Amino acid sequence: MSTTSQKHRDFVAEPMGDKPVTALSGIGEVLGKKLEEQGFDRAFVVLGQYLLLRKDGELFTEWLKDTSGANTRNATSCSQCLREWCDAFL
Amino acid sequence: MAALRNKSDQEIKDLLDEYGIKHGPVVDTTRPLYEKKLKETMAKAKVTVTKPSPDRTFYREDQEEVTYVTYQTPVSIDYFSCLRPVFRPHVYNTPSSSSYSKPTPVVKSGGGVVKKENTTSSGRLIPLWVQFLVFLILAGFLYFIFTNMESAESSPFNRIQ
């Protein structure tokens, strides 16, 4: 099991509410800005996209890389973060 | 293929299903991703299908008689830089000659493609029907020998003269 960051653990610990997109694991300032430009200004909107892609980690990772220019590591981290959040709260 | 961008959402969805790509609903946020995936898959599919095998045309030009030359992969590479490893039989030696002529006319790409699909799908070095033919000939030959031997009285294969 890969070690998760504090950010990941914080996000997965509670309902996301209105948290900004930068609260997601793997999404920092730069990627957050790119996502906001595309209209994904809140974490729950990205969650919406994840759900639209049927919670498929690969598809979501690919989408995130295409949309925000994220690298594989960050995209996978975000994907995993959302997956665990869904497992806990969805 | 026609521009994916101009297709309706339903058509994109149908194409995704056709290629067996796992997907969710086609919405404005998911559409670019699916278009990209379709483009990649279609490009890959096109590469594997439209690769004719040049050695089939060689067969045709050879005399109908029996021995076929080895076809080495460099020949095919000269014609088309094939990505897929091409399956090549080494030597064909058949006793019967006339029955060996290829039934289907070898047209450059179309026939060649069909032929290619046939051989590679069975994955044999010598086509199946050749094997059957050889087997039947061998069996018949052995039977012929057997019946014509000076056999003992108790042989079941004695003909009633």
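Definitions and limits used
Counting from 1, residues in each chain are numbered in the order their sequence is written. Throughout, the order in which chains and ligands are written sets their labels, letters from A for the former and numbers from 1 for the latter. The predicted nature of this model means local features are confined to residues of pLDDT at least 70 and side-chain atom pairs, given and counted, to a pLDDT of 80 or more, with totals for whole chains, interfaces and linings taken over all residues. Side-chain figures throughout are based on the complete set of non-hydrogen atoms in the structure, without hydrogens or water. Note on conventions: DSSP H or I runs of at least 4 residues are helices, E runs of at least 2 residues are strands, and numbering of each starts at the N terminus. Using a 1.4 Å probe on the protein chains alone, a residue whose accessible area is under 20% of its type maximum counts as buried, one over 50% counts as exposed, and one in between counts as partly exposed. Only heavy atoms enter the contact rule, under which two residues are in contact if any of them lie within 4.5 Å. Each of two parts loses accessible area, computed with a 1.4 Å probe, when they are put together; buried area is these two losses added. Counted as salt bridges are all cases of a side-chain nitrogen of Lys or Arg within 4 Å of a carboxyl oxygen of Asp or Glu. Any N or O atom pair separated by 3.5 Å or less is treated as a polar contact, with the protein-specific requirement of one donor-capable and one acceptor-capable atom, and with residues adjacent in sequence counted only for side-chain atom pairs. Here the arc refers to the set of directions running from the helix axis out to each C-beta atom. By definition here, a helix of n residues has an expected span of 1.5 Å times n minus one. UniProt positions are given in the numbering used here, feature names are shortened, and annotations may be inferred rather than shown by experiment. Comment: axis = line fitted to C-alpha atoms, over the contacting stretch for helices; angle = value between 0 and 180 degrees taken between N-to-C directions. Each angle receives one of four descriptions, namely roughly parallel if under 35 degrees, roughly antiparallel if over 145, roughly perpendicular if within 65 to 115, and oblique otherwise. Helix crossings are classified by the rotation of the near helix relative to the far one: an anticlockwise turn of less than a right angle makes the crossing left-handed, while a clockwise turn makes it right-handed. Residues are grouped as follows: Ala, Val, Leu, Ile, Met, Phe, Trp, Tyr, Cys and Pro are nonpolar; Asp, Glu, Lys and Arg are charged; all remaining types, including Gly, are polar. Each residue carries a pLDDT value, the predictor's own confidence for that position, ranging from 0 to 100.

Check the secondary structure of chain A and you find five helices and zero strands. Along chain A, from the amino end to the carboxyl end, the secondary structure elements read α-α-α-α-α. Every one of the 90 residues in chain A was classed for burial, and the buried ones make up 43%. Taking the intrachain contacts of chain A between residues at least 6 apart in sequence as the baseline, contacts between residues at least 24 apart amount to 53%.

This paragraph deals with the interface of chain A and chain B. Counting from both sides, the interface comprises ten residues of chain A and, opposite them, twelve residues of chain B. Across the chain A/chain B interface, buried area totals approximately 910 Å², and carbon plus sulfur atoms make up 58% of it. The largest share of the area that chain A buries against chain B comes from L52(A), L59(A) and E62(A), three residues that together contribute 49% of it. Here chain A and chain B share four salt bridges between them. The salt bridge involving K36(B) is made with D66(A); its shortest N-O contact spans 2.7 Å. Where chain A meets chain B, there are five residue pairs in polar contact (both at pLDDT 80 or more).

Moving on: helix α1 (residues 9-18) of chain B. Residues and elements named next belong to chain B. Where α1 is concerned, the buried positions are I12, L15 and L16. For α1, the angular spread of the buried residues around the axis is 100°, confining them to a single face. Against the buried residues of α1 lie α2 (31-49). Looking at the residues trailing α1, positive phi occurs at G20, about 70°.

Here we take up α2(B). Its 19 residues place the ends of α2(B) 27 Å apart at the C-alpha level, agreeing with the 27 Å of an ideal helix rising 1.5 Å per residue. If you check which residues of α2(B) are buried, you get R31(B), L33(B), Y34(B), E35(B), K37(B), L38(B) and M42(B). Considering only its buried residues, α2(B) is in contact with α3 (43-52) and α4 (57-68) of chain A together with α1 of chain B.

Residue and element names in this part refer to chain A. For R54, which is not a glycine, the phi torsion comes out positive at approximately 60°. Within the secondary structure layout, R54 lies in the loop between α3 and α4. If you check the backbone angles, K55 has positive phi at about 60° while not being a glycine. With respect to the helices and strands, K55 occurs in the loop between α3 and α4.

The sites that carry the UniProt feature "transmembrane region" (unreviewed entry) are, in the present numbering, residues 125-146 of chain B. Between the end C-alpha atoms of residues 125-146 of chain B the distance is 31 Å, and the span holds 86% helix and 0% strand.

A word on the packing of α4(A) against helix α5 (residues 72-89) of chain A. All names here are of chain A. As a packed pair, α4 and α5 sit with axes 9 Å apart at the nearest point and diverge in direction by 130°. It follows that α4 is oblique to α5 by the angle criterion. For the pair α4 and α5, the crossing hand works out as right-handed. Of the residues in α5, those touching α4 at G57, F60, T61, L64 and K65 are T72, A75, T76, C78, S79 and L82. Looking at side-chain class alone, the contact of α4 with α5 contains five nonpolar, five polar and one charged residues.

So, on to the confidence of the model for chain B. All names here are of chain B. Chain-level pLDDT for chain B is 70 on average; 47% of the residues reach the 70-or-more range. Per-element averaging of pLDDT across chain B places helix α5 (residues 110-122) at the bottom with 47 and helix α6 (residues 128-148) at the top with 94. Contacts from residues 73-80, a stretch scored under 50 in pLDDT, to residues over four places away or in other chains number twelve contacts. Below pLDDT 50 for its whole length, residues 91-120 participates in 51 contacts with residues either more than four positions away or in separate chains.

Residue and element names in this part refer to chain A. Looking at where T67 falls in the secondary structure, it is placed in helix α4. Given the relative accessible area of 16%, T67 is considered buried. Here the side chain of T67 touches W63 through a polar contact of 2.6 Å, landing on its backbone oxygen.

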